Each structure stands twice: as C-alpha cells, then as structure tokens.
Amino acid sequence: MDPLRTLWETFFDWDSMREALPEMLTVGLPNTLILAVSAALLGSVLGMVLAVAGISRSRWLRWPARVYTDVFRGLPAAATILLIGVGLAPLGMQVWGPDPYPLGILALSLIAAAYIGEIFRSGIQSVEAAQMEGARALGFSWGEAMRVVIIPQGVRRVLPAWVNQLIALIKDSSLVYFLGLVASQRELFRIGQDYAATTGNESALLLAGLFYLALTVPLTHVVNAIDRRLRHGRAAGAPDDEIEDADLALPGAVGGNQR
Amino acid sequence: MSVDTSTSVSLGVRDVHLAFGANRVLRGVDLEVARGETACVIGPSGSGKSTLLRTINRLIEPDRGDVLLDGRSVLGDDPDALRQRVGMVFQQFNLFPHMSVLRNVTLALRRIRRLPEDEAVAVAREQLDLVGLAAKADSRPAYLSGGQQQRVAIARALAMQPQVMLFDEATSALDPELVKGVLGVMADLAAGGMTMVVVTHEMGFAREVADTVAFMDRGVVLEAGEPAAVFEAAEHPRLRRFLAQVL
C-alpha cells in the first residue's frame, strides 16, 4: 500500500473519529473540564496562599512555602498523581468511596499550586514598595493593603504566565487515567487512547488532541481580552471594582514558568 | 477652600532618633507645630527630612524620642489608627493605578471608615471638586498629568479628615509648570487652618506660607524660626551656605 496513504489513514480516518466523537463530547469533555476547572480553582487559591506565605516576614511561613514549592515543582506530575491518588486511596475510600476524581483533582491542584504560587509571588513582588506605603499611610493594615492594593496589581501583571499554567493543567488532567477510571469517568485522552487501542488507528487520539486545542487556544485569547480591558478600565461612568481593575502603564508580565 | 480643619491638632516631635544600622539618620530631632500652623522643613538631600515625616505617622518607628498629637504621645497608639488621623502626600503621589480617581479617594472611606458607598462617593466628589478635578473622577490616574495626580493624592488624604497633614516633597516630581497648581492647593489648606508639616525645596512657598521654617542637616534641626528670621537672618553657617545654593 502507498505509505503516504497509510500514514494519512493512521491519523485522519474519519470513520474512527466519527465513532469516537459522541463519547468525547458527552463523557470526555465534561470530565476533562471537571478535572481542569476544579484543579485550577483550588490550585490558584492554594497558589495565592503560597505566594503570600513566601513573602512573609516570618520564616515559619516562608520556609514551608519554599519547601512545598521545591517538592511539588520538582517531582514528575505522573509521580505526584500516583503517589497521592494511590497512596491516599485507602483514606479517600473512607471519605468519598472509590471515585478517583477527588484525589486526582487534589494531586493536580497541589502540582499547579507550586507553579502558580511562584507566578503570583513574582507578580506581587514586582509592585512598587511605594504602593504599600501609600496604602499604609491611609490607615490600611498590611493585610488589607495587600488584598485591595498590592495583590490585584501583582496578579494583573502575571496573567499571561498564569494562563500558561492553566494550559499545562488542562493537559496534565489526562494523567489521572493512571488512577483507573471506569467508563463514565474517562476524560478526553483516555477515550481517545481506548479507541486507538481497539482500532489500531490513531485518529481518535488525534481527535482528542483537537479537543485539547479547542480548550487551550481560546483560553489564551479570552485572557488576553480580559487583560486589555483591565489595562484601560471600564467605560467611564460604570462602577468599577478594585479587584478587577488593573494598571495602565505597567511593564510586561513576568515570563512563563513552564515545566 | 472649605476643608474641615476644626479637628486640627498641634504636633510635637521630641528628641527623635533613628538609625538604619550604623547610619544615624535622625539624631535628636525636635519640632513644634501649633494647631492650625504650617512648618516647612528644608535642608539638603540626605538630611533626614523624609525620614522625619515617616516617623511622625510611624511608617518608620523611631528608635527613641516621642511624637505628640494634641499634646499626647502617639507611640503607644495602634499605628493604623494613628495614620487615619495623619494624612500624607508623597513625592511620587502613590496613587493606585488600577483604580479610577474616584475609587482612589473612596477606597479608605469605604474600607476603613466603613462609609456606605453613596456617602463615600459624595465625600470624594466634594474633595475632588475642591482640588478642581471633579471632571476626572472616572479616569485612571495614568491619564492625568503629574500635577493633577498630586492634587488627587491630596484629595485622597483630605477625604479621611486628618488632624495633621504631612507633605513629602510634594512638587519635586512635577514639571515646573505644574508646580504652582499643587502649591496653590497646599497654601489654601494652610490658610484654612490645617496643621501641616511640609518637606519642600520650594523656598518661595516656605517663605510665604510657613509659620515656622526648620532647617535640617545631618539628622538634626539646626535652626528653626519664622520664615523672615531663617531666610534673612540665618545664624548657622551651614544654613547660610544652603540658602546661598538654593536661592
């Protein structure tokens, strides 16, 4: 057979794709979103805690944050997911039964938090000390000044790096298949892989790849649009909110923090 | 200018010392400002003027000495509560760039004074009106000139109804043509009865507006008195040399 034709059919066999599509849409996509969105929320909250602990004056906050970051950033994601998903499974069994999702989400969050913590910390530390002084001079406590003045500006500066991390998280969500998923728990990658294994044809896996791109590429553009709006503020007259508004004349965001 | 200055109080700085490591920045500073009066602090850079201001509202804690408001020491007070009573204006304005001008002024009113939104906005609009910037309420600070930004910073401090105002080289970062507007606001405030400590390089302002001029050098007030005495009849050689350089 013509090798090029074979190659084409290995990746672009429409019948295989059509066969896998319904399950990708109804099972794989929702499951990937559940994993990625929950881990993004939990990971960002935890990352913010790590960031603030990391710049604390108390070494008892700084050190644990440092060690945590080094450990969870330094381990392979697959190892962390297995260690937590399998290692804590007996404990999880007592709390929420055999569902591997909670521990999978926890593991993904812990990994993401290590990276997001560093991203947020670099953003927060890039805000001029004069901003803190200005807020303190008005009578704000350190914590309140952080919350309403420093952190909103710092986070705004690192939005692109934060999106990098969310993209990594969406991709890493495929690794929960290590923990053993029943049919209804399979996410995009696992469904693609299963179809590829049974048909001996990679087209379903390629389709899964297209789904990942459909999630990650628009995410970048959505955040860029938000970024633009934050730079220039809302239309005059609209009520604005200090958490959402951000600076006009800021240097570029801190560089990516990809593994 | 109809800023409420009825709550202005006297300010006393007594023998304040401060060192950063081996660098003794303040070496026993004394300064008295009567209620409603304005003291201008002049002197070469590095003489401790800005640091002195920061020890008054305890952005920096003095090592020794005392700071009195209305005759009472403030060193035992909660620093956050103290800073609500002492307004401060900075050389670089320190406006919050991610908020509108209006939000800059209402922020502390809402979050610290716990005023409802509409009351905070009313206070802020009145203050912005007094500095001539009501029309800029919805702009971001970056869209304003330096002089306008500094007037917003003054409005932001005044909105908290401080008992004392501190100005740290408020016009030093401004283009020359913008200095006058800011000094005008400050002069109105002084005439209105606000107790003020003004660190400045504007000798004209010090001469016309100050009740007391204090010359600081190497961490101490070398000479202080009425503007005429300080400018026309300086006693200390270092003050005479300084005046010869700046006038």
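Residues numbered from 1 in each chain as written. Chains lettered and ligands numbered in written order. Predicted model: local features only at pLDDT ≥ 70, side-chain atom pairs only at ≥ 80, totals over all residues. Heavy atoms only, no water.

Student: Could you give an account of the overall build of chain A, with specific residues and numbers?
Tutor: From N to C terminus, chain A includes 11 helices and 0 strands. Listing every helix and strand of chain A by position from the N terminus yields α-α-α-α-α-α-α-α-α-α-α. Residues counted as buried form 47% of the 259 residues belonging to chain A. Excluding contacts between residues fewer than 6 apart, the proportion of contacts in chain A whose partners are at least 24 apart in sequence is 75%. Accessible surface, chain A as shown: approximately 12600 Å² in total, 67% of it carbon and sulfur. (Helix = DSSP H or I, 4+ residues; strand = E, 2+ residues; numbered from the N terminus. Buried < 20%, exposed > 50% of the residue type's maximum accessible area, 1.4 Å probe, protein only. Contact = heavy atoms within 4.5 Å. Areas by Shrake-Rupley, 256 points an atom, 1.4 Å probe, with all protein chains shown as cover.)

Student: How would you explain the pairing of strand β10 (residues 220–225) of chain B if you had to name every residue and give the values?
Tutor: Residue and element names in this part refer to chain B. Across 5 bridges, the pairing between strand β9 (residues 212–217) and β10 is antiparallel. Across the sheet, Val213 pairs through a bridge with Gly225, a residue of β10. Linkage of β9 to β10, two consecutive antiparallel strands, is achieved through a turn of 2 residues, within which Arg218 is found at a positive phi near 50°. (Pairing = 2+ DSSP bridges.)

Student: Quick rundown of the sheet that holds strand β2 (residues 23–33) of chain B? Include the residues and the values.
Tutor: All names here are of chain B. The strand order β2-β1-β4-β5 describes an open sheet built from 4 strands, whose pairing is antiparallel. The open sheet has two free edges, formed respectively by β2 and β5 (72–73), since each of these has just one partner strand. As paired elements, strand β1 (residues 11–20) and β2 share 8 bridges and run antiparallel to each other. Its bridge partner being in β2, Phe20 is matched across the sheet by Asn23. In the packing of helix α1 (residues 49–56) onto the sheet, the strands contacted are β1, β2 and β4 (64–69), and the crossing angle to β1 comes to about 115°. (Axes fitted to C-alpha atoms, helices over the stretch in contact; angles between N-to-C directions.)

Student: Outline the interface of chain A and chain B, supporting the account with residue identities and numerical values.
Tutor: With 30 residues of chain A at the contact, the number on the chain B side is 28 residues. Buried surface at the junction of chain A and chain B, summed over both partners, amounts to about 2500 Å²; 54% is from carbon and sulfur atoms. At the boundary of chain A with chain B, the tally comes to 3 salt bridges. Connecting chain A to chain B are 7 residue pairs in polar contact (both at pLDDT 80 or more). For the side of chain A that touches chain B, the element with the highest residue contribution is helix α7 (residues 129–138) of chain A, accounting for 8 residues. Residues belonging to the side of chain A that touches chain B are distributed by class as follows: 12 nonpolar, 8 polar and 10 charged. (Buried area = accessible area lost by both parts, 1.4 Å probe. Salt bridge = Lys/Arg side-chain N within 4 Å of Asp/Glu carboxyl O. Polar contact = N/O pair within 3.5 Å; in protein donor to acceptor, adjacent residues only side chain to side chain. Nonpolar A, V, L, I, M, F, W, Y, C, P; charged D, E, K, R; others polar.)

Student: Break down the packing of helix α2 (residues 14–54) of chain A against helix α3 (residues 59–74) of chain A for me, with residues and values.
Tutor: All names here are of chain A. Following both chains from N to C, one finds α2 and α3 inclined at 130°, their axes separated by 7 Å at the closest point. Of the possible angle classes, the one that applies to α2 and α3 is oblique. You can see that α2 and α3 cross each other, and the crossing is left-handed. For the pair α2 and α3, contact is made by Leu46, Leu50, Ala53 and Gly54 and by Leu61, Arg62, Ala65 and Tyr68, respectively. Of the residues in the contact of α2 with α3, the class split is 6 nonpolar, 1 polar and 1 charged. (Parallel < 35°, antiparallel > 145°, perpendicular 65-115°, else oblique. Left-handed = near helix turned anticlockwise from the far one by under 90°.)

Student: Which residues make up the UniProt feature "domain: ABC transporter" (unreviewed entry) in chain B, and what values do they have?
Tutor: As recorded in UniProt, the sites labelled "domain: ABC transporter" (unreviewed entry) are residues 11–243 of chain B. For residues 11–243 of chain B, helix accounts for 38% and strand for 26%, while the C-alpha atoms at its two ends are 26 Å apart. (UniProt positions renumbered as here; feature names shortened; annotations may be inferred.)

Student: Requested: an account of the pairing of strand β7 (residues 164–168) of chain B, with residues and values cited.
Tutor: Within a regular strand, side chains alternate between the sheet's two faces. Residues and elements named next belong to chain B. Burial analysis of β7 places 5 of its 5 residues in the buried class, which makes it a mostly covered element. On β7, burial covers both faces: Val164, Leu166 and Asp168 on one face and Met165 and Phe167 on the other are all buried. By the bridge criterion, 4 bridges tie strand β6 (residues 86–89) to β7 in an arrangement that is parallel. Its bridge partner lying in β7, Gly87 is registered against Met165. Relative to strand β8 (residues 195–199), β7 runs parallel, the two being bridged by 5 bridges. Note that in β8 the partner of Val164 across the bridge is Thr195. Assessed by its sense of winding, the connection that carries the chain from β7 through helix α6 (residues 176–191) to β8 is right-handed. (Right-handed = clockwise from strand over helix to strand, strands pointing away.)

Student: Please set out a positive patch on the surface residue by residue, giving values where relevant.
Tutor: A contiguous patch of positive charge on the surface is contributed by Arg24, Arg27, Arg218 and Arg241 of chain B. Mapped onto the elements, Arg27 of chain B comes out in strand β2. (Patch = residues over 30% accessible without salt bridge, like charges linked within 9 Å, V, L, I, M, F, W, Y side chains within 5 Å. Lys, Arg positive; Asp, Glu negative; His and termini not counted. Charge placed at Lys NZ, Arg CZ, Asp CG, Glu CD.)

Student: Help me get a handle on the pattern of salt bridges, residues and values and all.
Tutor: Side chains that differ in sign of charge can pair as their charged atoms come close. By the definition in use, this model includes 27 salt bridges over all chains. In this structure, Arg73 of chain A and Glu118 of chain A form a salt bridge, with 3.7 Å as the shortest nitrogen-oxygen distance. One end of the pair, Arg73 of chain A, is in helix α3; the other, Glu118 of chain A, is in helix α6 (residues 101–125), and 45 residues separate them in sequence. Residue Arg73 of chain A is classed as partly exposed on the basis of its relative accessible area of 28%. Its relative accessible area of 12% is what places Glu118 of chain A among the buried residues. Among the salt bridges present, the one from Asp77 of chain B reaches Arg72 of chain B, with a minimum N-O distance of 3.2 Å. Asp77 of chain B sits in the buried class, given a relative accessible area of 18%. Judged by relative accessible area, which is 46%, Arg72 of chain B ranks as partly exposed.

Student: Please provide a residue-by-residue account of the packing of aromatic side chains, values included.
Tutor: Residues and elements named next belong to chain A. With the rule as written, the count across this model stands at 6 aromatic pairs over all chains. Pairing Tyr68 with Phe72 gives two aromatic rings, centres 4.5 Å apart and planes at 25°, and the pair type is stacked. Placement of the pair is Tyr68 and Phe72 together in helix α3, with a separation of 4 residues, close to one helical turn. Relative accessible area serves as the criterion here: at 18%, Tyr68 is assigned to the buried category. (Phe/Tyr/Trp six-rings, centres within 6.5 Å; stacked < 30°, edge-to-face > 60°.)

Student: Any details on the environment of Leu102 of chain B? Residues and values, ideally.
Tutor: All names here are of chain B. Along the chain, Leu102 falls in helix α3 (residues 101–111). Counting along the chain gives 62 residues from Leu102 to Cys40, while the straight-line C-alpha distance between them is 30 Å. Filtering out sequence-adjacent residues up to four positions away, Leu102 remains in contact with Val121, Ala124, Arg125, Leu128 and Ala137.

Student: If you had to explain unusual backbone geometry to someone new, which residues and values would you point to?
Tutor: Keep in mind that most residues, glycine aside, have a negative phi and that most peptide bonds are trans. Residue and element names in this part refer to chain B. In this model, Asp70 sits at a positive phi of 55°, which is unusual for a non-glycine residue. Take Asp70: it is sitting in the loop between β4 and β5. Positive phi is not limited to glycine here, since Phe93 has a value of about 70°. For Phe93, the location among the structural elements is in the loop between β6 and α3. With relative accessibility at 9%, the residue Phe93 sits in the buried group.

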